[in-house]
Amino acid sequence: MKKFILVRLVNIVITLFIIATATFFLMKMLPGSPFDEEKLVDLTDEARMEFYARYGLDEPLYVQYLKYMGNLVQGDLGLSYYYKDQPVNSLIMGRIGPSALLGFQAVVLGLSIGIILGMIAAFRHNTIWDYFTMIVAVLGVSIPNFVLAAILQFYVGLQWGLFPVAYWESYESSILPTISLAVTVIALIARFTRNEMLEVLQQDYITTAHAKGLGDLTVLIKHAIRNALIPVITILGPVFVSLLTGSLVIENIFGIPGIGSLFVDSIKMNDYTTIMGLTLFYSSFFILTVLVVDILYGIIDPRIRVHGKG
Amino acid sequence: MQDTKQQKKFSDDLFQVVGRREEQSEKINRPNLTGLQDGWLRLKKNKAAIGSLIILLILLVLAIIGPYLSSYSYEQTDYEKVFMEPNSEHWLGTDKFGRDQWTRLWEGTRISLYIAVLAALLDILIGITYGAISGLKGGKVDNFMQRIIEILVGVPNLIIIILLIMIMKPGILTITLAMVITGWVNMARLVRGQIFKLKNQEYILASRALGAKNRRIITSHMLPNTLGIIIINMMFTIPSAIFTEAFLSFIGLGLQEPLASLGVLINDGFRSMRNQFYLLAFPSIVIIGLMVCFNLLADGLRDALDPRLRK
């Protein structure tokens, strides 16, 4: 197990190094400059050089690269080009709260409803409950979350006036965005739980448990649910991806000051350092999620023995 | 004692030798079906999948002929008639520039479908080649090729797509390419896994023992047995490509006006939904319809083509 984690960590460092290098040079390849060139024309040569020097842009490319990587090792993502002189680190830190809250609420809501729906669908296989769950599952992955968010905003927010339409003012502002994010998660998890549960209910040990004389409920709680829920951990990776893509649009639709809207804004403003910083941030988060899932899976499910291979 | 009794009861002339006809016992009574025909027979029983297929065909036909059914073009503006509700002249109303929404909707559907199908086809082409080389070669080559895939899998796809689109100018081809650059990985992994599994099957060994060359093993054993997975994966790729394109257009990184795609239309509709909800409603209905139908069809195909998953 230790060796497995070590190998994975080395791989992660290599992956992140390649991602950082690739984004750095991609950003340098971009046409145009992050600054308003027309304003810079008015500056004297000296002032312009000073301006470039502040962002380290006066040096040759490889020096810039080495400096960037050096800072990166120390966890410094550099200065934002657009938000004057703000370090990208503090930009991300200042914006992470709302995104984290939304993500957390969506995962909790998605997991609880998804698991319950999936369970019921499997217990009542081929009944109206099962069909209902399957419809929810198909619709949930099929309706793009930004379409759902727009429709919720129109009906629930504007027409019925139940919840705030936009902005981040009170806790209630987080309700519509959370629902928009959670629907995909519910769909993914309900479907997965249902299939796992159906599989488990066919196993011999369930028959054995019944044969021992255990009641339906005891069999379900003590034998079936436990085994069916373990693999659910494995879809946390896709869940994370769906939350990430969701946050990019949904924070924009609802005007939430989170990192998703920061990312989209920095793309529109050509704020390269922020784009790079967030790319690395998202990638590290994603990679670590996958790693934690794999480790947890190995710990919880003794059938999975990892021997240093992915 | 009993034997003799029985013999008396049933005398020999009651029996008749019919013989065992070799050719009859081995005769194949049913027509010989290929894997795909077999899959089609099973798919036909799946009402949801067939319904989806029909709706998809209708949407496809509308996407092809729809723009020609009205007398307007998708970029033709008319500032006298902006924001018109659906009426007999403009069936689905007009937008902020007085452009006919019926024409724009089907033009947009066509572009979205075009991008999605093209991306899926390219994914398959690259994925199969990469996966097959990786799987067949094995050893060091495979190891190296898998490392590359691991790195690509490590980053959320959408981030790569966004970065690529920032470098290249947004357009139909750029969006497709950006999606393909991340999309083929899935296919390559599936094909590699399948080939690894097939490589060690006994019937492949038998085929080799009978003198079959590599080429024959690939074309007549590996390919047919991988085809199901490829089709299923393609059917799941198309809706996710439709989603990605719409997503990019929605955050302003996709196609630019006056071009229409479902994402562009939804973005437009979202901006004016407060007073002109119909601008958002129609493209949303079409995109949801496409996504639901493709997903249901893909589910149906998976049940039909992948016998291991059959319940």
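Only a predicted model underlies this, so the values are computations on that prediction, with no experimental measurement involved.

Thoughts on the overall build of chain B
Of the regular secondary structure elements, chain B holds 12 helices and 0 strands. Along chain B, from the amino end to the carboxyl end, the secondary structure elements read α-α-α-α-α-α-α-α-α-α-α-α. Scaling as 2.2 N^0.38, a compact globule of 311 residues should have a C-alpha radius of gyration of about 19 Å, whereas chain B reaches 28 Å, well beyond that. Seen through its C-alpha atoms, chain B measures out along the principal axes to roughly 110 × 55 × 30 Å. Buried positions account for 39% of the 311 residues belonging to chain B. Within chain B, contacts between residues at least 6 apart in sequence are counted, and of these 67% link residues at least 24 apart.

Some remarks on the overall build of chain A
What chain A contains, in helices and strands, is 13 helices and 0 strands. Walking chain A from its N terminus toward its C terminus, one meets helices and strands in the order α-α-α-α-α-α-α-α-α-α-α-α-α. A compact globule built from 310 residues would reach a C-alpha radius of gyration of about 19 Å, whereas chain A, at 24 Å, exceeds it by more than 25%. Projected onto the principal axes, the alpha-carbon positions of chain A cover approximately 90 × 55 × 30 Å.

What to know about the domain arrangement of chain A
Often, the extent of an interface is quoted as the loss of accessible area on bringing the components together. All names here are of chain A. When cut into domains, chain A gives domain 1 (2–88) and domain 2 (96–309). Inter-centroid distance (C-alpha atoms) of domain 1 to domain 2 is 34 Å. Contact residues are listed per partner, giving 22 residues for domain 1 and 19 residues for domain 2. For the side of domain 1 that touches domain 2, the element with the highest residue contribution is helix 1 (residues 2–29), accounting for 13 residues. Of the residues that constitute the side of domain 1 that touches domain 2, the class distribution is 15 nonpolar, 5 polar and 2 charged.

A closer look at the packing of helix 11 (residues 236–253) of chain A against helix 13 (residues 272–300) of chain A
All names here are of chain A. Two elements in contact, helix 11 and helix 13, have axes separated by 9 Å at closest approach and are oriented at 160°. It follows that helix 11 is roughly antiparallel to helix 13 by the angle criterion. Seen from above, helix 11 lies across helix 13 with right-handed handedness. Between helix 11 and helix 13, the residues in contact are Leu236, Gly237, Phe240 and Leu244 and Tyr282, Phe286, Thr289, Val290 and Val293, respectively.

Re the interface of chain B and chain A
In this complex, chain B contributes 31 residues to the contact, which on the side of chain A involves 33 residues. Breaking the side of chain B that touches chain A down by element, the ones donating at least two residues are helix 6 (139–154), helix 7 (157–167), helix 10 (214–250), helix 11 (262–271) and helix 12 (277–305) of chain B. Among the elements that take part in the side of chain B that touches chain A, helix 12 of chain B stands out by supplying 9 residues, more than any other. Taken together, the residues that form the side of chain B that touches chain A break down as 25 nonpolar, 4 polar and 2 charged.

Looking at the nonpolar core
Core analysis: the biggest nonpolar cluster contains 133 residues, and Phe146 of chain A together with Ile242, Ile266 and Ile287 of chain B have the highest contact counts within it. Ranked by the residues each element gives to this core, the list is headed by helix 12 of chain B, at 16 residues. Each of domain 1 (2–88) and domain 2 (96–309) of chain A contributes no fewer than three residues to this core. Filtering out sequence-adjacent residues up to four positions away, Ile266 of chain B remains in contact with Val147 of chain A together with Ala246, Phe250, Leu280, Pro283, Ser284 and Ile287 of chain B.

Observations regarding unusual backbone geometry
All names here are of chain A. Backbone geometry places Asn126, a non-glycine residue, at a positive phi of 60°. Examined against the element boundaries, Asn126 turns out to sit in the loop between helix 5 (88–123) and helix 6 (128–142). By the C-beta count within 10 Å, which is 8 here, Asn126 ends up exposed.

Considering helix 7 of chain B
Counting buried positions along helix 7 of chain B gives 8 out of 11 residues, so the element sits mostly inside the fold. For helix 7 of chain B, the complete set of buried residues consists of Asn157, Ile159, Ile160, Ile161, Ile162, Leu163, Ile165 and Met166 of chain B. Buried-residue contacts for helix 7 of chain B involve helix 1, helix 12 (259–268) and helix 13 of chain A together with helix 8 (172–199) and helix 10 of chain B.

Digging into helix 4 (residues 47–69) of chain B
Residues and elements named next belong to chain B. Compared with the 33 Å implied by 1.5 Å per residue over 23 residues, the 31 Å span of helix 4 between its first and last C-alpha is a close match. Along helix 4, the sharpest kink reaches roughly 40°, centred on Ala63 and followed within four residues by the proline Pro67. All buried positions along helix 4 are accounted for by Ala49, Ser52, Ala63 and Pro67. The inward-facing, buried residues of helix 4 abut helix 3 (35–44), helix 5 (101–137) and helix 12.

Observations concerning the confidence of the model for chain B
Low-confidence regions, as indicated by low pLDDT, have predicted coordinates that should not be scrutinised in detail. All names here are of chain B. Residues at a pLDDT of 70 or more form 95% of chain B, whose mean pLDDT is 82. Of all secondary-structure elements in chain B, the lowest mean pLDDT belongs to helix 1 (residues 2–9), at 58, while helix 5 reaches the highest, 88. Across the predicted assembly, pTM comes out at 0.83 and ipTM at 0.81.

About the criteria used
- Residues numbered from 1 in each chain as written.
- Chains lettered and ligands numbered in written order.
- Predicted model: local features only at pLDDT ≥ 70, side-chain atom pairs only at ≥ 80, totals over all residues.
- Helix = DSSP H or I, 4+ residues; strand = E, 2+ residues; numbered from the N terminus.
- Rg over C-alpha atoms; globule rule 2.2 N^0.38 Å.
- Buried ≥ 20, exposed ≤ 12 C-beta atoms within 10 Å, placed from the backbone.
- Contact = placed C-beta atoms within 7 Å.
- Domains from an automatic or database assignment.
- Nonpolar A, V, L, I, M, F, W, Y, C, P; charged D, E, K, R; others polar.
- Axes fitted to C-alpha atoms, helices over the stretch in contact; angles between N-to-C directions.
- Parallel < 35°, antiparallel > 145°, perpendicular 65-115°, else oblique.
- Left-handed = near helix turned anticlockwise from the far one by under 90°.
- Core = buried A, V, L, I, M, F, W, Y, C linked by C-beta atoms within 7 Å.
- Expected span 1.5 Å × (residues − 1).
- Bend = angle between axes of the 7 residues up to and from the residue.
- pLDDT = per-residue confidence, 0-100.

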